[in-house]
Amino acid sequence: MRKLFEIGGLAAAAVLIAFGIGALVMSVQGRSTVQDSLRLEGIVGSPDMSPAGIAAEAKKAGLPASVSLPTVDVAGKPIDTGARARAFASYMRIHTLEATGGLTYAAMPRYASADGKGTSDIAAAVKGPSGKPLDNPLRNLWVTETALTTALNTSYLAERISLFGIVVGIALLLSGLGFGILAIGGALRTASSGRAETPAPKKLPAAGPGRLATRRFRATRKTTEWRFVMKALVYNGPGQRAWEDVPDPVIEQPTDVVVSIQTSTICGSDLHILKGDVPETPPGTVLGHEAVGTVIEKGSAVTTVEIGDRVLISCITSCGRCRFCKEARYGLCTGGGGWIFGHTIDGLQAEYARVPFADTSVYKVPEALTDEQVLFLADILPTAFEVGVLNGGVQPGDTVAIVGAGPVGLAAIMTAKLYTPGRIIAIDLADARLAKAREFGADTTINNGTENAVEQVMALTGGLGADVAIEAVGVPATFELCTELVRPGGRIANVGVHGHSAELHLEKLWSRDVTITTGLVDAFTTPQLLKLVTEGRLDTTPFVTHRFPLDETMAAYDTFSDAANTHALKVVLEAVPVAYAAPTEKHAVAVG
Ligand code: NAD
Ligand code: ZN
């Protein structure tokens, strides 16, 4: 009977050993499969992200050659570095993942083509895990990105399970061996003594291999979290800005889209925020409220915008439902819109951005237009047009005096010309800005630091004054100047953002029938301006004085904030630096 037990014990030990070995082999195999698939899903990125760097990293990791940007378009035509490349606008974003346990840099390329035509090139360049080109890589890669996140999380779990399998395997193996030894020992003892043995004392070790291993497993378990990070220009309190890592934006509301920013720019308001003049902007906010980008994710309620669409993101967001949005006064939106980007929510000087109320707030960019052709329709063009020209009621033949020849004043010159005024007078303290004003179409320029602007305007208007005065500076002196140079019955359109009270000389104005308007841009004219650009009636590209790769936004700020020396008007931030020709010096607008 005892013999039977001994034989049974040996058999059980053998089974345990076999199971142990099996569990070990399967777990180790499973583990490496998980790691392999991880490697196939990802693409190794190098810290400097240069093509050579990526190639070197890929080689080191034994991966297939990494993705390269296509050199020909779908039609087989080579993509040059000029406008074509911009229109094509393929780009690759690589996100370094934190805590890649086992992988030095796990990264995922995000490919997009502005017009969707880049897909076949990308298909040739990017192979799926099976080695076959992806049938719709534009979509698949985005899907794959989500899949990657899931895969990473799942494989994290899978790795843990396989680790557990290894532990169980070892435990089975050891207990099988122990059991075997006991059984053999018992058999030997039985054979030698020939008498019944008291059952062997249960020698379950205090810290048996299984328990020990389990403890070690727990002790070394990492609380690893996978997450995507992006770079963005962050306001860190007055005087402090940094180009730093922040979590990727995600869909928060069903009406949101997430956009991969292609082109962005800096505005004077960003400098105001940095000075600490805008207390409602909390430190930690990503700045920027003007951009063109490609939709990469969309909320379930978004119906008019598709993934892959290239869109203009306006400085003004519209909920589309509140009283003011229904009156097309989107700037006053009370439903969560208005000026929110880079103000009360994260803005657009970033690799990615969440865009609320997408259906009512973004504009699809016509395929034929470059990002730069539409970028300034996000703020300065509608601002100058609506708050300056339309509020000022510019009529054919009018004398229009524009005080301030910054980007907004220049945009007022450009859009006033749509109404064929008789004369445009630009007034500024900086000669360089006045020279720009002449390029943009001003007929007369006055430096009010060295000349008497009121006298000059009176001399030009038969002693009456300007029909329309547009204030585009934002200081008390320039508002007061406008009230002095406007004719009786004339209109003053204030555009400037004022930080101090200005004096209103009602004792002089009360009998002069002067209309004064104020306003925050609503961007209700954006579709109209877009049509003008599409039809070649408006060329906004002369605003561009400098271009920077997006990740040099810090340097772009230095240049933009030192306009007196750099003569910067608008600096363009580009997600993919393209070797452009120098900015053209051609004239601003063609009317008629
Ligand atoms: P900017 O600072 O680039 O340009 C201002 C120009 O005014 C400069 O050329 C400067 O030389 C000139 N200037 C300064 N003091 C002057 C003076 N005393 N007399 C004559 N010229 C003087 O600003 P910008 O980006 O062109 O914007 C202009 C204004 O429009 C700002 O106040 C801005 O905040 C405001 N803005 C308003 C809205 C809105 O919705 N109402 C939207 C955007 C911008
Ligand atoms: Zn609204």
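Attention shifts here to the coordination of the zinc ion (ligand 2). Surrounding the zinc ion (ligand 2) are the protein donor atoms Cys319 (SG), Cys322 (SG), Cys325 (SG) and Cys333 (SG), at 2.2 to 2.5 Å. Here the zinc ion (ligand 2) binds four donor atoms, and the angle range of 100 to 118° at the metal identifies the geometry as tetrahedral. One chain supplies every donor for the zinc ion (ligand 2), spaced along it as C-x2-C-x2-C-x7-C. With a gap of 14 residues between them, Cys319 in the loop between β10 (310–313) and α8 (323–326) and Cys333 in the loop between α8 and β11 (352–355) connect regions that are remote in the sequence. Like Cys319, the residue Cys333 is buried in the burial classification.

Applying the stated criterion across every chain yields a total of 13 salt bridges. The residue Arg354 makes a salt bridge to Asp256 at a minimum N-O spacing of 2.7 Å. Of this pair, Arg354 sits in strand β11 while Asp256 is found in the loop between β6 (241–247) and β7 (257–265), placing the two residues 98 residues apart along the sequence. On the accessibility criterion, Arg354 (16% relative accessible area) is buried. In this structure Asp256 comes out as buried when scored by relative accessible area, which is 0%. With a closest N to O distance of 2.6 Å, Arg547 and Glu372 form a salt bridge. Of this pair, Arg547 sits in strand β19 (residues 544–549) while Glu372 sits in helix α10 (residues 371–375), placing them 175 residues apart in sequence.

As a further point, take the sheet that holds strand β18 (residues 515–517). To summarise the sheet geometry, strands pair through backbone hydrogen bonds and adopt either a parallel or an antiparallel arrangement. Read across the sheet, six strands follow the order β15-β14-β13-β16-β17-β18 without closing on themselves; strand pairing throughout is parallel. Looking at strand neighbours, the two that pair on one side only are β15 (444–447) and β18, the edges of this open sheet. For this sheet, the mean inter-axis angle between neighbouring strands, taken without regard to orientation, is 15°. Summarising the sheet, strand β14 (residues 423–428) and β15 pair through four bridges and their orientation is parallel. Opposite Ala426, over in β15, you have Thr445 as the bridge partner. Running at roughly 170° to β15, helix α13 (residues 431–440) makes contact with β14 and β15 of the sheet.

Attention now moves to the packing of helix α11 (residues 380–390) against helix α17 (residues 526–534). It is at 10 Å that the axes of α11 and α17 come closest, and there the two elements cross at 115°. One finds that α11 runs roughly perpendicular with respect to α17. Considering the relative orientation of α11 and α17, their crossing is right-handed. Across from Leu381, Pro382, Phe385 and Glu386 in α11, the residues of α17 making contact are Thr526, Gln528 and Leu529. Of the residues contributing to the contact of α11 with α17, the split by class is four nonpolar, two polar and one charged.

Turning our attention to the sheet that holds β6. On the basis of which strands lie adjacent, the open sheet formed by three strands has the order β6-β5-β8 and antiparallel pairing. Looking along the sheet, the strands with just one partner apiece sit at the ends: β6 and β8 (285–286). Where strand β5 (residues 229–235) meets β6, seven bridges bridge the pair, whose relative direction is antiparallel. Paired with Lys231 across the bridge in β6 is Asp245. Here helix α18 (residues 553–561) sits on the sheet and contacts β5 and β6; the angle it forms with β6, its principal contact strand, is near 150°.

A separate point is unusual backbone geometry. Among all residues except glycine, the phi angle is most often negative; among peptide bonds, the trans geometry is most common. You will see that Ala328, though not glycine, has its phi angle at about 65°, which is positive. Among the secondary structure elements, Ala328 is positioned in the loop between α8 and β11. Phi at His567 is positive, roughly 55°, even though this residue is not glycine. By secondary structure assignment, the location of His567 is in the loop between α19 (563–566) and β20 (570–574). Residue His567 is classed as partly exposed on the basis of its relative accessible area of 46%.

All right, on to the environment of Tyr557 then. In this fold, Tyr557 is placed in helix α18. Its relative accessible area of 0% is what places Tyr557 among the buried residues. With 324 residues separating them in the primary sequence, Tyr557 and Leu233 have C-alpha atoms 9.9 Å apart. Ignoring sequence-local partners within four residues, the contact set of Tyr557 consists of Leu233, Arg241, Ile266, Asp270, Leu271, Leu274, Leu287 and Gln349.

What follows deals with the site of ligand 1. The full set close to ligand 1 counts 21 residues, and Asp428, Arg433, Val473, Gly519 and Val521 are the nearest of them. Residue Val473 places a main-chain N or O atom 2.7 Å away from an oxygen atom belonging to ligand 1. Contact distances for ligand 1 include 2.9 Å between a nitrogen atom and a backbone N or O atom of Gly519. Starting from 870 Å² of accessible surface for ligand 1 in isolation, the protein chains cover 81%. Counted by class, the shell around ligand 1 contains ten nonpolar, eight polar and three charged residues.

Its location among the elements puts Ile170 in helix α5 (residues 137–193). A residue is classified by how much of its surface remains accessible, and Ile170, at 37% relative accessible area, is partly exposed. Sequence separation between Ile170 and Leu24 is 146 residues; the distance between their C-alpha atoms is 7.0 Å.

Criteria and cut-off values
Residues numbered from 1 in each chain as written. Chains lettered and ligands numbered in written order. Predicted model: local features only at pLDDT ≥ 70, side-chain atom pairs only at ≥ 80, totals over all residues. Heavy atoms only, no water. Donors = N, O, S within 2.8 Å, 3.2 Å for Na, K, Ca; no water. Tetrahedral: all angles 85-135°; square planar, octahedral: opposite > 155°, others 65-115°. Helix = DSSP H or I, 4+ residues; strand = E, 2+ residues; numbered from the N terminus. Buried < 20%, exposed > 50% of the residue type's maximum accessible area, 1.4 Å probe, protein only. Salt bridge = Lys/Arg side-chain N within 4 Å of Asp/Glu carboxyl O. Pairing = 2+ DSSP bridges. Axes fitted to C-alpha atoms, helices over the stretch in contact; angles between N-to-C directions. Contact = heavy atoms within 4.5 Å. Parallel < 35°, antiparallel > 145°, perpendicular 65-115°, else oblique. Left-handed = near helix turned anticlockwise from the far one by under 90°. Nonpolar A, V, L, I, M, F, W, Y, C, P; charged D, E, K, R; others polar. Near = heavy atom within 4 Å. Polar contact = N/O pair within 3.5 Å; in protein donor to acceptor, adjacent residues only side chain to side chain. Areas by Shrake-Rupley, 256 points an atom, 1.4 Å probe, with all protein chains shown as cover.

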